[in-house]
Amino acid sequence: MSAWRQAGLNYINYSQIAARVVRQALKADLRSEALKRDEVNVKFTQWKDGKPASKYIVFILFYLVVL
Amino acid sequence: MVKTHIVKFVGTSNFKMFSNHMATIVRLAAQQQQQQKRGMATLKAISIRLKSVKNIQKITQSMKMVSAAKYNRAERDLKQARPLGVGTKEFYEQAEIQAPPEDEKKLVIAITSDRGLCGAVHTGVSRNIRDALLADPKERENTKIICVGEKSRAILSRLFANNILFVASEVGRKPPTFNDAAKVANEILNSGYSFGSGRIVYNRFKSVVSYAVDQLPLFDKNAVVSAPKLSVYDSLDENVIQSYLEFSLASLLFYSMKEGACSEQSSRMTAMDNASKNAGEMIDKLTLTFNRTRQAVITRELIEIISGAAALD
């Protein structure tokens, strides 16, 4: 078993970290172009029992309970 | 006649954004018609409508230009991403992997985006999933859906709200990156939902004018290990297969997102082209009615003056 898997990473995390390191090691003129490919736009909403379980809603509920 | 034309125009070009706007104009025009009776006084109403249709045509034309530029980029990106998807698919076919029949849990991933005004791109994907799930109630129970893009969420949550595992939004504003796909794949792996088999439903780009709903298979590790022809591949141990499956999930997602983005832009291009064409037709008809009405007003005024003068004689 490889060390990164023992550390709790899966292959996707592993290759992402490797890709980031390679991008950082590039020369300055190539790096700026490569960094554009590094960005992530996706956001996630978990669904539970047919409704979106938003963290935001949990946050509001938490506030209501506390106050 | 003009009003039905507006309805047709809005319907054919999938005009959600403007339909509200148009509806108020139509209502305003109708009110004016009631106030001032039929005939000559609609001149102003027609010119207002003419102006708004012209504005809409300008908007659709510029949207077409924008999506044409985006499409060019998407097609270039797609060419580079294709080997990732085709290679992975080839592995599944060569090893003749089949889903274990005893494991009924399934996963469906709908690849769409957040943006509309692009023809039937999103409905096609959603309809494919809907038909499959409605045909078999057992499958409906055992299938979880992952929606990539708000559009599939909007359609699928109406019928299968209980089946949705999670929704990935903010897709489609920028071209998808591999990191996006990797994050979705990671989310799937961490969701704790174990499935025997699955599929990615996406739009496969064929040419500028055509795309088709297609699907890519997904398999569990057990299905891969027990595949009959796995021996055609050399030196595979458990770790390699596990790592490869994780990576192939990300690359299949990436590939299908690229295909989807490309077909979406090409479809938006044709949709906006059609919308501009329809708007052009409407403008022609409205100009004609406008001129005719103006002519009629002039004629009527002349008749009034002449008959008034004749009455004085």
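Residues numbered from 1 in each chain as written. Chains lettered and ligands numbered in written order. Predicted model: local features only at pLDDT ≥ 70, side-chain atom pairs only at ≥ 80, totals over all residues. Heavy atoms only, no water.

This paragraph deals with the packing of helix α7 (residues 178-190) of chain B against helix α9 (residues 238-312) of chain B. All names here are of chain B. In the contact formed by α7 and α9, the axes pass within 8 Å of each other and the chain directions differ by 130°. Classified by the angle between their axes, α7 and α9 sit oblique to one another. For the pair α7 and α9, the sense of crossing is right-handed. The segment α7 lies against α9, with F178, D180, A181, A182, V184, A185, I188 and L189 engaging E246, F247, L249, A250, S251, L253, F254 and M257. Within the contact of α7 with α9, the residues separate by chemical class into 13 nonpolar, one polar and two charged. (Axes fitted to C-alpha atoms, helices over the stretch in contact; angles between N-to-C directions. Helix = DSSP H or I, 4+ residues; strand = E, 2+ residues; numbered from the N terminus. Parallel < 35°, antiparallel > 145°, perpendicular 65-115°, else oblique. Left-handed = near helix turned anticlockwise from the far one by under 90°. Contact = heavy atoms within 4.5 Å. Nonpolar A, V, L, I, M, F, W, Y, C, P; charged D, E, K, R; others polar.)

The subject of this paragraph is the interface of chain A and chain B. Contact with chain A, which involves 22 residues of that partner, is made by 29 residues of chain B. Around 2,400 Å² of area is buried between chain A and chain B when both sides are counted, 51% of it from carbon and sulfur atoms. By the criterion of area lost to chain B, the three top residues of chain A are I12, F44 and W47 of chain A, representing 29% of everything that side buries. Where chain A touches chain B, the interface holds two salt bridges. Inspection of the chain A/chain B interface yields 14 residue pairs in polar contact (both at pLDDT 80 or more). Its residues assigned to classes, the side of chain A that touches chain B shows eight nonpolar, seven polar and seven charged. Here strand β1 (residues 43-48) of chain A pairs with strand β3 (residues 164-169) of chain B via four bridges, running antiparallel. Counterpart to Q46 of chain A in the pairing with β3 of chain B is F166 of chain B. (Buried area = accessible area lost by both parts, 1.4 Å probe. Salt bridge = Lys/Arg side-chain N within 4 Å of Asp/Glu carboxyl O. Polar contact = N/O pair within 3.5 Å; in protein donor to acceptor, adjacent residues only side chain to side chain. Pairing = 2+ DSSP bridges.)

It is worth stressing that arrangement in space is one thing and function is another; only the former is reported here.
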